[in-house]
Amino acid sequence: MGLMTIFKAQKARKAHQEGRTEEAMKLYKEVMDEGSKDPAIFLPYSVLMIRNGQYAEAREMLVKHQKLPMSAEQKNQLFVNYAACVYKMGELQKGIDLLERQHQKQPSGMIYETLGYLYIEAGDVEKAMAYNMEAYDYDDEDAITLDNLGQIHYRMLGDKEKAKEYFEKAIEIKPGQIDTLYFLAQYDLEAGDKEAAREKLEKAMEGRFSPLNHATKEMVQSLLDQLNV
């Protein structure tokens, strides 16, 4: 890469870190168009594309670059991003199969988090519980795994009391986690504490929504609108 391309890449990463999404995407695209094959560019670029709903474009880019030299962590990120794309494009099982193969090669927190959530979305209670408990044994302070376990009990088993234990542990570790805030707001609403629910939902709206959130931005905003009537 030329010096100008390297400079653009630095600007893109800085814009991304600071939440200037449109600027970051524009710069990432320019860097890629100028011939960059750096995983530190196309992987975060794919994340922004996925969050922007450009699933087919992100998938194409990931497939195109999958054989390039990458660290083990970058390879896991590529597979997770690809799985998110195919899941949102209606091929949930394809994403699950891919991450299952990657898990067999190299378990990681990122794979545990994502595959654990996809099992929930697939509706397989037994597999979702077994795998997320394995993930919990792997790292009992992973906020996403704790949220996954909370969702299993809340959404799949109807055990809201047990679910709340996991959600409360998750929020202590990651106070801004969108799904956890969304579900904890449900408990506030059931208790009649609209102000506490509003506070959690407003905090959730400040987060960066992804295709791997159960609670979409529209779902959270809809609840807030109802509270503000």
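For the structure itself, consult the block above.
Residues numbered from 1 in each chain as written. Predicted model: local features only at pLDDT ≥ 70, side-chain atom pairs only at ≥ 80, totals over all residues. Heavy atoms only, no water.

### Describing the overall build of the chain
1) Next: Scanning the chain for helices and strands turns up 13 helices and zero strands.
2) Next: Helices (α) and strands (β) of the chain occur, in sequence order from the N terminus, as α-α-α-α-α-α-α-α-α-α-α-α-α.
3) Next: In terms of overall dimensions, the chain is globule-like: its C-alpha atoms have a radius of gyration of 19 Å, near the 17 Å expected for 229 residues.
4) Next: Counting only C-alpha atoms, the chain reaches 60 × 45 × 30 Å along its principal axes.
5) Next: In the chain, which comprises 229 residues, the proportion classed as buried is 46%. (Helix = DSSP H or I, 4+ residues; strand = E, 2+ residues; numbered from the N terminus. Rg over C-alpha atoms; globule rule 2.2 N^0.38 Å. Buried < 20%, exposed > 50% of the residue type's maximum accessible area, 1.4 Å probe, protein only.)

### Concerning a negative patch on the surface
1) Next: Where like charges cluster on the molecular surface, the negative patch consists of E134, D137, D139, D140 and E141.
2) Next: By relative accessible area, D137 is classed as exposed at 66%. (Patch = residues over 30% accessible without salt bridge, like charges linked within 9 Å, V, L, I, M, F, W, Y side chains within 5 Å. Areas by Shrake-Rupley, 256 points an atom, 1.4 Å probe, with all protein chains shown as cover. Salt bridge = Lys/Arg side-chain N within 4 Å of Asp/Glu carboxyl O. Lys, Arg positive; Asp, Glu negative; His and termini not counted. Charge placed at Lys NZ, Arg CZ, Asp CG, Glu CD.)

### Some points on the packing of helix α1 (residues 3–17) against helix α3 (residues 39–51)
1) Next: Running from N to C, α1 and α3 cross one another at 35 degrees; their axes reach a closest spacing of 11 Å. The chirality of how α1 crosses α3 is left-handed. From α1, A9, R13 and H16 reach across to α3, where they touch A40, I41, P44 and L48.
2) Next: Here the residues of the contact of α1 with α3 are counted per class, giving five nonpolar, one polar and one charged. (Axes fitted to C-alpha atoms, helices over the stretch in contact; angles between N-to-C directions. Left-handed = near helix turned anticlockwise from the far one by under 90°. Contact = heavy atoms within 4.5 Å. Nonpolar A, V, L, I, M, F, W, Y, C, P; charged D, E, K, R; others polar.)

### Thoughts on helix α7 (residues 109–122)
1) Next: Counted at 1.5 Å a residue, the expected span for α7 with its 14 residues is 20 Å, and the 20 Å between its end C-alpha atoms agrees.
2) Next: With eleven of 14 residues buried, α7 lies mostly within the body of the structure.
3) Next: Listed as buried for α7 are M110, I111, Y112, E113, T114, L115, G116, Y117, L118, Y119 and I120.
4) Next: Elements that come into contact with the buried residues of α7 comprise α5 (72–88), α6 (92–105), α8 (125–138) and α9 (143–156). (Expected span 1.5 Å × (residues − 1).)

### Brief notes about the packing of aromatic side chains
Given two aromatic rings, their pairing is described by the distance between the two centres and the angle made by the two planes.
1) Next: Counted according to the given criterion, the structure contains ten aromatic pairs.
2) Next: Where Y182 meets F183, the ring centres are 5.6 Å apart and the plane angle is 80 degrees; that geometry is what we call edge-to-face. No difference in accessibility class separates Y182 from F183, as the two residues are buried. (Phe/Tyr/Trp six-rings, centres within 6.5 Å; stacked < 30°, edge-to-face > 60°.)

### Thoughts on the pattern of salt bridges
One side chain can pair with another of opposite charge once the charged atoms of both are near each other.
1) Next: For the structure on display, the rule yields 15 salt bridges.
2) Next: A salt bridge links K164 to E168; the shortest N-O distance between them is 4.0 Å. Note that K164 and E168 are positioned in helix α10 (residues 160–173) at a spacing of four residues, about one turn of the helix.
3) Next: Look at E168 and you get partly exposed, because its relative accessible area is 37%.
4) Next: Salt bridges sharing common partners tie together K8, K26, E30 and E34.

### Structural notes on the nonpolar core
A general trend in soluble globular proteins is that nonpolar side chains are found buried together.
1) Next: Counting residues in each nonpolar core, the largest one holds 49 residues, and the members touching the most others are Y28, F42, Y45, L78, L99 and L118.
2) Next: Tallying contributions element by element places α5 first for this core, with nine residues.
3) Next: The residues contacting L118, other than those within four sequence positions of it, are A83, Y87, L92, G95, I96, L99 and L212. (Core = buried A, V, L, I, M, F, W, Y, C linked by side-chain atoms within 4.5 Å.)

### As for the layout of surface pockets
1) Next: Put simply, the largest pocket is a space of about 710 Å³.
2) Next: Forming the walls of the largest pocket are 26 residues, and the residues nearest its centre are R51, I144, K174, S210 and L212.
3) Next: Elements represented by at least two residues in the lining of the largest pocket include exactly α3, α5, α7, α9 and α11 (178–190).
4) Next: Taken together, the residues of the lining of the largest pocket sort by class into ten nonpolar, ten polar and six charged. (1 Å grid on protein atoms, 1.4 Å probe; cavity = no way out; pocket = protein on both sides within 12 Å on 5 of 7 lines; lining within 4 Å. Points joined across faces, edges and corners; volume = space filled by probe spheres on them.)

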